[in-house]
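Descriptive analysis of the structure
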Amino acid sequence: MRKRAIFAVLGAAVALGGSTAVAYGDETVGDVQITTAAVSGGKDIAMGLADKTVTVSVTATDPSGIWDADFHLWRGTDPDNPDGYLKPNEDTTPADCVASSATTSTCSKTFTFEPDSWLTNADAGTWKVGIEVWANDDSRAVRDAYTTVRLQRFSKLTVNASPEPIAAGKPLTVTGRLTRANWDTDTYAGYTAQPVKLQFRKAGTSTYNTLQTVNTSSTGDLKATATASVDGYWRWNFAGTSTTPAVKATGDYVDVQ
């Protein structure tokens with residue numbers, strides 16, 4: 001029976017949150033080639049306060065065909081001493097491998113991030129994907145960090161334009177709040193000192209135009225004034241950061257009389 005010697009040692013030696021891992025390093029034995037790999041379909045992982053399961057997959061080829069694959073996610077700069085480490089769900093079971101030809105297969109496993117049990121705000125950012133692939137002739141390929149994925153704290157953005165309705169030429173006040181998931185406290189909290197665009201879309205059109213940029217307060221609040229001239233929709237638009245995804249508020253319609 002083939003054995004995952006390298007990954008088995010890793011799995012026994014580390015824990016979530018970043019204990020010491022066993023060194024193994026990149027290695028290729030035989031003709032195995034890893035062609036592509038992806039986490040969550042190549043998209044960033046935006047996490048709120050609920051558990052989230054994502055799929056990691058790898059496509060590889062070998063003249064003898066692909067037998068199995070394994071994965072782990074880690075963050076930091078040193079694979080031997082990661083700042084965070086996550087094994088796949090039921091990691092001792094074989095990967096789900098689907099052959100597209102006699103030599104090529106795509107293998108996948110799932111991972112679950114749990115903000116209410118072990119995830120902290122410090123875990124937001126770039127995670128690396130370690131991969132090992134085995135062929136039917138016992139060839140293998142090992143990569144410490146074949147690709148990466150960003151884990152982000154899910155964001156929310158509100159808007160309210162008032163008064164409604166309003167007379168043409170009168171000042172309109174637009175407020176809102178930018179919040180994001182706080183995994184340390186299991187709540188949503190204001191995102192401080194972030195630039196957010198105030199945008200307007202005239203009724204009957206499809207394009208928003210940026211009028212000004214406002215920085216959020218210490219509580220994530222936003223406030224701006226503008227002159228009401230025509231009917232339309234007002235919204236806030238946040239471009240996002242490396243740890244927080246972009247978000248746009250749903251437009252608030254104002255009737256100008």
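Thresholds, definitions, all that
- Residues numbered from 1 in each chain as written.
- Predicted model: local features only at pLDDT ≥ 70, side-chain atom pairs only at ≥ 80, totals over all residues.
- Heavy atoms only, no water.
- Helix = DSSP H or I, 4+ residues; strand = E, 2+ residues; numbered from the N terminus.
- Contact = heavy atoms within 4.5 Å.
- Areas by Shrake-Rupley, 256 points an atom, 1.4 Å probe, with all protein chains shown as cover.
- Polar contact = N/O pair within 3.5 Å; in protein donor to acceptor, adjacent residues only side chain to side chain.
- Core = buried A, V, L, I, M, F, W, Y, C linked by side-chain atoms within 4.5 Å.
- Buried < 20%, exposed > 50% of the residue type's maximum accessible area, 1.4 Å probe, protein only.
- Pairing = 2+ DSSP bridges.

1. Quick word on the overall build of the protein
Of regular secondary structure, the protein possesses 1 helix and 19 strands. Across its three principal directions, the C-alpha atoms of the protein cover 80 × 40 × 25 Å. Within the protein, contacts between residues at least 6 apart in sequence are counted, and of these 67% link residues at least 24 apart. Carbon and sulfur atoms provide 48% of the accessible area of the protein, an area that totals close to 12,100 Å².

2. Here we look at unusual backbone geometry
A cis geometry characterises the amide bond from Ser-162 onward to Pro-163, with omega recorded as 5°. Note that Pro-163 resides in the loop between β11 (155-162) and β12 (171-182). With an omega dihedral of -5°, the bond running from Glu-164 to Pro-165 counts as a cis peptide bond. Structurally, Pro-165 can be placed in the loop between β11 and β12.

3. What about the environment of Thr-158?
When you line up the elements, Thr-158 lands in strand β11. As a C-alpha pair, Thr-158 and Ser-64 span 94 residues in sequence and 56 Å in three-dimensional space. The contacts of Thr-158, once residues within four sequence positions are left out, are Thr-175, Gly-176, Arg-177, Trp-236 and Ala-249. At 3.0 Å, the side chain of Thr-158 and the backbone nitrogen of Arg-177 are in polar contact.

4. Focus: the nonpolar core
Core analysis: the biggest nonpolar cluster contains 32 residues, and Val-58, Phe-113 and Val-133 have the highest contact counts within it. For this core, the secondary-structure elements that each account for two or more residues are β2 (33-39), β3 (45-47), β4 (52-61), β5 (66-75), β8 (104-113), β9 (125-135) and β10 (140-153). Ignoring anything within four residues of it in the chain, the contact list for Val-58 reads Ile-34, Thr-36, Ala-37, Ala-69, Phe-71, Ser-105, Thr-106, Cys-107, Ile-131 and Val-133.

5. Focus on the pairing of β10
In the sheet, strand β1 (residues 27-29) pairs with β10 via 3 bridges, with the strands oriented antiparallel. Bridge pairing in β10 links Thr-28 to Ala-141. The sheet contact formed by β3 and β10 spans 3 bridges and is parallel. Bridge pairing in β10 links Ala-46 to Gln-152. Note that β9 and β10 share 9 bridges and pair antiparallel. Of the residues in β10, the one forming a bridge with Gly-125 is Leu-151.

Treat this as a map of the structure, not an account of what it does.
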